[in-house]
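Below are the chains, spelled out letter by letter.
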Amino acid sequence: MPLAVFYSYSHKDEELRQRLETHLALLQRNGLILPWNDRCIGAGDEWANQIDEHLRTAQIVLLLISPDFLASDYCFDIEMKAALERHAKQQAIVIPIVLRPCDWSGAPFAGLQALPRDAKAVTLWSNQDEAFAEIAKAIRETVVRFQQPAVPPPAPAPLADQATPKARVLDAAMPTHIVKDRATELLVLIRLPESKGLSGILQEDDEAEARPDDVRSRPFEVTFPQGPTGAPDPLKVTVELTSPDFSPPAQRKNIFVPVNADSEVCPFLLTPQRMGFLTVTIELVWEDADRGYRRLRTNCVAEAELPAVKPLLNVVRIPVGMASEEPRVFGSVNVGAPTAASFGRGAQSISIPPAAPAVRFPAPTAAAPPAPKRSILSSTGLKVAAMAFVVVTAGTVFYQSSNWPSARAPAVSRDVPAAPVVPAPAVAPPDISETAETFRKASEPFTQAGRVVDPAKVAAMKSGRENLDAARAELAKGNKQKAAEHLKLVRIATEQLQKN
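The structure contained in this document is the topic of the report that follows. Quantities reported herein were computed from a predicted structural model and do not represent experimental measurements.

Bringing the packing of aromatic side chains into the picture now. Applying the stated criterion to the full structure yields four aromatic pairs. Aromatic side chains Trp47 and Tyr74 sit 5.5 Å apart centroid to centroid with 55° between the ring planes, which places their arrangement in the tilted category. Of the two residues, Trp47 is situated in helix H3 (residues 47-57) and Tyr74 in helix H5 (residues 73-88); the sequence distance between them amounts to 27 residues. Pairing Trp104 with Phe109 gives two aromatic rings, centres 5.7 Å apart and planes at 25°, and the pair type is stacked. Just as Trp104 is buried, Phe109 falls in that class too. Here the basic side chain of Lys120 rests over the ring of Trp125, its NZ or CZ set 5.4 Å away from the ring centre.

Shown next as structure tokens:
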């Protein structure tokens, strides 16, 4: 359909208007434009109504600028004003065409691109046809651009299953044992069902307080919002923490759940205010409704650092037979191989066979009087050194041998044969239930919530629990000897708890 073109001009520029119409005749022949000016008003028609009607229906309005156009009240105040109003509403395109030189820099249409090139008046061109040809070419481009249909917006992507809820899993982790008045970290993550999630992250993070075994999970479903293009957008989820036994008692943070990936880890810092078993509640909220829920429990103790448990040092008393202090007499010591029973945990002494009798050599002849020097073993310092060497050697064997009967006793002297290895006596099955019940009664007064516990008591409670679990594990493997050793440590811890 041709575009309606309206000429707004002064009658004193009639000749120049006609020459412009001549250059636009090809556009009219091709059916691109339908020009109109006030000379088209028929006899008997009301010219004001005709002008107003065509001005308000035209798609393109040509303002033929000249000094006479700017001086005309009708052209400037009525036609130009109406044309610019429609231009501002994007109902028409207004194109100023400078026919003759004039100062129009302050005119309302000064902000519009004028023709011909550089707004040089047509009458200033040495070849005016060249100026009109350039104006016709620019109007053709405007008409073609105006007639191009608007590009329809892209059709939204198919929404076959976007409204279907998607499965997700809430992961939360907090250390199972924390310390009163010391801040600890609680981690939250929303993952895909097939992802390792928070457990995989903690497996590679050695600096995190929580471990992979501390992760607790709960599945739930989400529906992702639809974006402008029809594709699903990430979902913003609010994580709300309720922790009355911690400081602060309540927290909330926002995390974004991607459509095809896990969310980022959302950390919270909590400081326990009392001892005992504490609970933290985690809620997921979006679209002003609760969507997910998880509860974590942890145990709060009094102190973070437990006293170091020193290994028991066994005092070994070994009789050592020394040779005579006479220069011609030397002695040798026969130390038998100690048995497993001799080095039982908590032993105070080791039985050693009596020293072998001293070996005496024949006395020298009278021609060779004895030298006035003393025997090398008569020195008190060397005696002490020999005693210390025996004690250190026995202690090393005691701590390095977990199954003494399999060890071989070293020979002290190549002249003295080693004593035979004595097999360890059979160990009766330890009574775990009685020891466990005694420990439980002894530790019960110190597990009450809110009671301040001495660090030594806390260490004893922890040692008792760990050794009791270790005894059960060893007994299940059939290691009665090791189970008995762990139970002995449990009884020691029980005695420490029973002390005032």
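So, about the sheet that holds strand S7 (residues 184-191). Taken together, five strands build an open sheet; the order of strands is S8-S5-S7-S12-S10 and the sheet is antiparallel. Sheet topology places strand S8 (215-222) and strand S10 (246-247) at the edges, where each strand pairs with a single neighbour. Across eight bridges, the pairing between strand S5 (residues 166-173) and S8 is antiparallel. The partner of Asp171 across the bridge, within S8, is Ser217. In the packing of helix H7 (residues 197-204) onto the sheet, contacts are made with S5, S7 and S8, and the angle to S7 comes to roughly 130°.

Attention now goes to the side chain of Ser8. Counting through the fold element by element, Ser8 comes out in strand S1 (residues 3-8). Judged by relative accessible area, Ser8 falls into the buried class, the value being 1%. Here Glu79 takes part through its side chain, which lies 2.6 Å from a polar atom of the side chain of Ser8. The residues touching Ser8, leaving out its near neighbours within four places in the chain, are Leu62, Leu63, Leu64, Phe69, Cys75 and Glu79.

The biggest cluster of nonpolar side chains holds 28 residues, and the ones touching the most others in it are Leu186 and Ile282. Those elements that provide at least two residues to this core are S5, S7, S8, strand S9 (235-242), strand S11 (250-257), strand S12 (266-272), strand S13 (276-286) and strand S14 (289-301). Broken down by element, the residue count for this core peaks at five residues, all from S13. Within the second largest apolar cluster, 26 residues are counted, among which are Val5, Leu64, Ile95 and Ile139.

Reading the values: the criteria
- Counting restarts for each chain, with residues numbered from 1 along the sequence as it is written.
- Side-chain atom pairs in this predicted model are given and counted only at pLDDT of 80 or more, local residue features only at pLDDT of at least 70, and totals for whole chains, interfaces and linings cover all residues.
- Side-chain measures were taken over the full set of non-hydrogen atoms in the model, leaving aside hydrogen atoms and water.
- Aromatic pairs are defined between Phe, Tyr and Trp rings, using the six-membered ring for Trp, whenever the two ring centres lie within 6.5 Å; interplanar angles under 30 degrees are classed as stacked, those over 60 as edge-to-face, and all others as tilted.
- What counts as a helix is a DSSP run of H or I of at least four residues, what counts as a strand is a run of E of at least two, and both are numbered from the N terminus.
- Residue burial is assigned from relative accessible area. The probe radius is 1.4 Å, only protein chains are included, and a residue is buried under 20% of its type maximum, exposed over 50%, and partly exposed in between.
- Here, a charge over a ring is recorded when the distance from Lys NZ or Arg CZ to the ring centre is within 6 Å and its angle to the ring normal is within 35 degrees.
- Only when DSSP finds a minimum of two bridges between them are two strands counted as paired.
- In this analysis, two residues are considered to be in contact whenever any of their non-hydrogen atoms come within 4.5 Å of each other.
- Axes here refer to lines fitted to C-alpha atoms; in helices the fit is confined to the stretch in contact. Angles between the N-to-C directions go from 0 to 180 degrees.
- What qualifies as a polar contact is a pair of N or O atoms within 3.5 Å, subject to a donor-acceptor requirement within protein and to the restriction that residues adjacent in sequence count only when both atoms come from side chains.
- For the purposes of this section, nonpolar cores are sets of buried Ala, Val, Leu, Ile, Met, Phe, Trp, Tyr and Cys residues that join through side-chain atoms within 4.5 Å.

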